[in-house]
Amino acid sequence: MLPVWLTFIVIGIVLSIGNTYFLEQANHMDRKLGKIKVPIPIFLLFYKATSSVSAKFYSFLTVICKKKYAPPIGIATGMVFSVLCCITATKVETRRLHRIRDHGLIEKPDERIPMSIFALLPQFMLLATVDGITNTSISGFFRHQTPESMHKYLEYFTKGVLGLGTMASVLSVYVVGKVSERNHKPNWFQYTLNKSRLDRYYLVLAGLSTVNLFIYVFVAYFYKYKESPDGVDDEPEGGEMDEGFEDNKCCC
């Protein structure tokens with residue numbers, strides 16, 4: 001089980017950027033929708049709604065295939081969406097940086113960028129899809145593959161493995177930053193997002209997620225799955241994004 005379990009960490013790394021860099025990007029973009037100024041927490045509503053809907057995908061899998069195969073298929077699907085999320089975030093960030101350069105805002109980190117905040121909506125919704133599918137699928141994997149006596153710890157298993165991904169994200173930023181400094185080049189992570197190269201970091205995460213997906217498929221293919229015991233119900237639950245952010249603050 002350990003080789004399969006280790007592949008979940010990369011999912012946690014990708015999920016961590018939602019509460020950090022995604023929100024920091026949103027803080028400095030145009031929030032107007034007509035004459036209405038849209039508060040950033042509205043994205044939390046989109047996130048929760050998308051996560052809850054996508055979590056039901058797991059229930060669909062339990063209907064069309066054997067229960068023991070539903071979790072690994074769901075996890076692989078979540079990994080595919082994580083790749084799509086990172087690619088989308090790369091393209092949006094590239095556009096954002098172009099707007100910054102075109103309007104001379106590189107040295108003005110507190111200025112609003114003339115780009116709608118809703119340009120970030122696709123990557124938020126893709127991330128929510130990853131959250132909803134993988135949280136439910138990983139929980140189902142532990143439920144089916146661990147002894148019944150350990151089922152009361154399922155929530156801790158799921159949150160623990162994804163929490164390791166959040167901690168690993170700090171290490172990934174440090175390592176990627178150090179590597180980007182080679183040959184006396186500027187670090188991709190600067191004091192402001194206007195000078196940083198998050199687009200390149202997102203692209204690295206897309207590559208890492210793709211490699212992780214292939215490793216997972218290889219490991220999952222040779223894993224011997226236990227038959228799911230009768231009477232075990234899988235209840236879909238959407239993941240949750242941190243609600244502890246304010247309109248003008250970010251936790252990164």
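Note that the coordinates shown come from a computational prediction; the quantities given were computed from them, not determined experimentally. Residue indices follow the written sequence of each chain, beginning from 1 at its first position. Given that the model is predicted, a residue must reach a pLDDT of at least 70 before its local features are reported, and side-chain atom pairs must reach 80 or more before they are shown or counted; all residues, however, enter totals for whole chains, interfaces and linings. The side-chain figures draw on all heavy atoms in the structure; neither hydrogens nor water molecules are used.

1. Quick notes on a nonpolar patch on the surface
On the surface, Leu 171, Tyr 174, Val 175 and Val 179 cluster together into a nonpolar patch covering about 390 Å² of accessible area. Only DSSP runs of H or I with at least four residues qualify as helices, and only runs of E with at least two residues qualify as strands; both kinds are numbered from the N terminus onward. Among the secondary structure elements, Tyr 174 is positioned in helix α6 (residues 154-180). A residue is classified by how much of its surface remains accessible, and Tyr 174, at 53% relative accessible area, is exposed. Residues enter patches when they are more than 30% accessible in relative terms and free of salt bridges; like-charged ones are connected within 9 Å and nonpolar ones (Val, Leu, Ile, Met, Phe, Trp, Tyr) within 5 Å. Exposure was quantified through the Shrake-Rupley algorithm and a 1.4 Å probe, taking into account, for residues, occlusion by the shown protein chains and nothing else. Counted as salt bridges are all cases of a side-chain nitrogen of Lys or Arg within 4 Å of a carboxyl oxygen of Asp or Glu. Buried means the residue's accessible area, taken with a 1.4 Å probe over protein chains only, is under 20% of the maximum for its type, while exposed means over 50%, and partly exposed covers the values in between.

2. Regarding the pattern of salt bridges
The final tally for this structure, using the stated rule, is four salt bridges. A salt bridge links Arg 96 to Glu 93, with the shortest nitrogen-to-oxygen separation between them at 2.7 Å. Remark: Glu 93 and Arg 96 occur in helix α4 (residues 70-102); sequence separation between them is three residues, near one turn of the helix. One exposure class covers both Arg 96 and Glu 93, and it is buried.

3. Examining the side chain of Ser 16
Its place among the elements puts Ser 16 in helix α1 (residues 2-16). The contact partners of Ser 16, leaving out residues within four places of it in the chain, are Thr 166 and Ser 169. The criterion used for residue contact is that any of the two residues' heavy atoms lie within 4.5 Å.

4. Some details on the packing of helix α2 (residues 18-27) against helix α5 (residues 121-145)
For the pair α2 and α5, interaxial distance at closest approach is 11 Å and the crossing angle is 165 degrees. What the angle tells us is that α2 and α5 run roughly antiparallel. Seen from above, α2 lies across α5 with left-handed handedness. From α2, Gly 18, Phe 22, Leu 23 and Gln 25 reach across to α5, where they touch Gln 123, Phe 124 and Leu 127. Within the contact of α2 with α5, the residues separate by chemical class into four nonpolar, three polar and no charged. An axis is simply a line fitted to the C-alpha atoms; with a helix, the fit covers only the stretch in contact. Between two such axes, the angle follows the N-to-C directions and lies from 0 to 180 degrees. The cut-offs work like this: below 35 degrees is roughly parallel, past 145 is roughly antiparallel, 65 to 115 is roughly perpendicular, and the gaps in between are oblique. By convention the crossing between two helices is left-handed if the near helix lies anticlockwise of the far one by an angle smaller than a right angle, and right-handed if it lies clockwise. Three classes are used: nonpolar for Ala, Val, Leu, Ile, Met, Phe, Trp, Tyr, Cys and Pro, charged for Asp, Glu, Lys and Arg, and polar for all others, with Gly counted as polar.

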